[in-house]
Amino acid sequence: MTRPLRSLSYVLAGLLALSLSACAPSLSPLYSDYEIQTDVEGQTIDQPLAERIAEALAEAGWQSAPSSAPNAIATEERRVRSWGLYNIVVSLEAVPVGESYVRLYLHPYRKYFTGNRSKIPYLKRGLRRALLKDLNETFERQGLVAVGTKLERNRQASAR
């Protein structure tokens, strides 16, 4: 292969790799953190944390379910997308972390028409945003302010 053709092939391979990387989905972890506030708009909240979380989940339309962990508040599965061969269903689990944070775990699954299920290892940003929009608003009314994931907090800190 001559030198100009080799250089051209490297350039074309680089452009192909660059264009394919632009098509990669933007992935988000399967949790979100909330900071616990003791007052909302000047009103002190005396309600226990577990009740505040359960009330916020119910207000956002999630039904309570038994949890395997004693301090976790879990929800029933809810269908969030339908793709023909399978539905995407999600359940939530809110777990207090220390005295100042609550971590909300998202448990997404593909539920196939055959009855089989498979765990989804990540969420695309659009689906995550759709799931958390109502939750963030209802949690905020209960004094739980969204602080995002560790990755999001690192990005915000480095942008300053």
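Higher on the page you've got the structure.
The structure reproduced in this document is the subject of the present report. Since this is a predicted model, take the numbers as computed values, not measurements. (Residues numbered from 1 in each chain as written. Predicted model: local features only at pLDDT ≥ 70, side-chain atom pairs only at ≥ 80, totals over all residues. Heavy atoms only, no water.)

## A closer look at the packing of helix H2 (residues 49-59) against helix H3 (residues 125-141)
Right, so step 1: With their axes 8 Å apart at the nearest point, H2 and H3 run at an angle of 140 degrees to one another. Classed by the angle they form, the pair H2 and H3 counts as oblique. The two elements H2 and H3 meet at a crossing, and its hand is right-handed. Where H2 approaches H3, its residues Ile53, Ala56, Leu57 and Glu59 are matched on the opposing element by Leu135, Thr138, Phe139 and Arg141.
Right, so step 2: In terms of residue class, the contact of H2 with H3 is made up of five nonpolar, one polar and two charged. (Axes fitted to C-alpha atoms, helices over the stretch in contact; angles between N-to-C directions. Helix = DSSP H or I, 4+ residues; strand = E, 2+ residues; numbered from the N terminus. Parallel < 35°, antiparallel > 145°, perpendicular 65-115°, else oblique. Left-handed = near helix turned anticlockwise from the far one by under 90°. Contact = heavy atoms within 4.5 Å. Nonpolar A, V, L, I, M, F, W, Y, C, P; charged D, E, K, R; others polar.)

## What about the environment of Ser64?
Right, so step 1: For Ser64, the position within the fold is in strand E5 (residues 64-65).
Right, so step 2: What makes Ser64 exposed here is its relative accessible area of 53%.
Right, so step 3: Remark: the alpha-carbon pair of Ser64 and Glu76, spanning 12 residues in sequence, is separated by 6.0 Å.
Right, so step 4: Ser64 has contacts with Ala74, Thr75 and Glu76, leaving out every residue within four places of it along the chain. (Buried < 20%, exposed > 50% of the residue type's maximum accessible area, 1.4 Å probe, protein only.)

## Let's talk about the pairing of strand E7 (residues 78-82)
Right, so step 1: Across four bridges, E7 lies against strand E8 (residues 86-97) in antiparallel orientation. Bridge pairing in E8 places Ser82 opposite Asn87.
Right, so step 2: Here E7 folds back onto E8 in antiparallel fashion, the turn holding three residues, of which Gly84 has a positive phi close to 85 degrees. (Pairing = 2+ DSSP bridges.)

## What to know about the nonpolar core
Right, so step 1: Counting residues in hydrophobic clusters, the biggest one holds 24 residues, and the most contacted among them are Ile53, Leu57, Trp62, Leu92, Leu104, Leu135 and Phe139.
Right, so step 2: For this core, the secondary-structure elements that each account for two or more residues are strand E2 (31-36), H2, E8, strand E9 (101-112) and H3.
Right, so step 3: Other than its neighbours up to four places away in sequence, Leu135 contacts Leu57, Ala60, Trp62, Leu92 and Leu104. (Core = buried A, V, L, I, M, F, W, Y, C linked by side-chain atoms within 4.5 Å.)

## With respect to the packing of aromatic side chains
For any pair of aromatic rings, geometry is given as the distance between the ring centres together with the angle between the planes.
Right, so step 1: In total, this model carries two aromatic pairs according to the counting rule given.
Right, so step 2: Taking the centre distance of 4.7 Å and the plane angle of 50 degrees together, the rings of Tyr34 and Phe139 count as tilted. Residue Tyr34 is located in strand E2, and its partner Phe139 is located in helix H3; the two are separated by 105 residues in the primary sequence.
Right, so step 3: Judged by its relative accessible area of 0%, Tyr34 is buried.
Right, so step 4: Across from the ring centre of Tyr86, 5.7 Å away, lies the NZ or CZ of Arg110, which sits over that ring.
Right, so step 5: Over the ring of Tyr109 we find Lys119; its NZ or CZ atom is 5.0 Å from the centre of that ring. (Phe/Tyr/Trp six-rings, centres within 6.5 Å; stacked < 30°, edge-to-face > 60°. Lys NZ or Arg CZ within 6 Å of the ring centre and 35° of its normal.)

## Regarding H2
Right, so step 1: Taken together, the buried positions of H2 are occupied by Arg52, Ile53, Ala56 and Leu57. Relative to the axis of H2, the buried residues are bounded by an arc of 130 degrees and lie together on one face.
Right, so step 2: Phi turns positive, to about 95 degrees, at Gly61, one or two residues after H2. (Arc of directions from axis to C-beta.)

## What to know about the side chain of Asp33
Right, so step 1: Along the chain, Asp33 falls in strand E2.
Right, so step 2: Judged by its relative accessible area of 4%, Asp33 is buried.

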